[in-house]
Amino acid sequence: MPDSTKSRLNPNKLLLSKLTTTMPKNMEKHFLVTQLIKPELPDAPLEHIELQAIYSHRSFILPWRDLTDTGQWLQGWQ
């Protein structure tokens, strides 16, 4: 049985994806994937993405797999 707290995402199709956090901080609730951070080795899988807050334009890098946790992230702007 699949884990209901995980969503399925394709890491190579995340660029410009809209996300909503379930735990907003500093009025930052809506985010946009602005960059896919390419691994050093060309055949290595994608590990990290850059997210930008829509309200403050603050950017940060995190592992893309963190976005599959529906307890923290929802696809789209809710």
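Look up: the structure comes first, before these words.
Quick summary incoming for the structure in this document. Bear in mind the structure is a predicted one, so any value in this text is a computation, not a measurement.

The rules we used
- Residues numbered from 1 in each chain as written.
- Predicted model: local features only at pLDDT ≥ 70, side-chain atom pairs only at ≥ 80, totals over all residues.
- Heavy atoms only, no water.
- Core = buried A, V, L, I, M, F, W, Y, C linked by side-chain atoms within 4.5 Å.
- Buried < 20%, exposed > 50% of the residue type's maximum accessible area, 1.4 Å probe, protein only.
- Helix = DSSP H or I, 4+ residues; strand = E, 2+ residues; numbered from the N terminus.
- Pairing = 2+ DSSP bridges.

**As for the nonpolar core**
By size, the foremost hydrophobic cluster in this structure holds 14 residues, and its most contacted members are Leu14, Val33, Ile49, Leu51, Leu67 and Trp73. Within the residue set of this core, elements represented by two or more residues are strand S2 (28-37) and strand S3 (48-53).

**Side note on the pairing of S2**
Where strand S1 (residues 18-25) lies against S2, 4 bridges are found, and the strand directions are antiparallel. By the bridge assignment, Lys25 is partnered in S2 with Glu28. Connecting the antiparallel pair S1 and S2 is a turn made up of 2 residues, with Asn26 showing a positive phi of about 55°. As paired elements, S2 and S3 share 6 bridges and run antiparallel to each other. Within S3, the position partnered with Gln35 by the bridge is Glu50.

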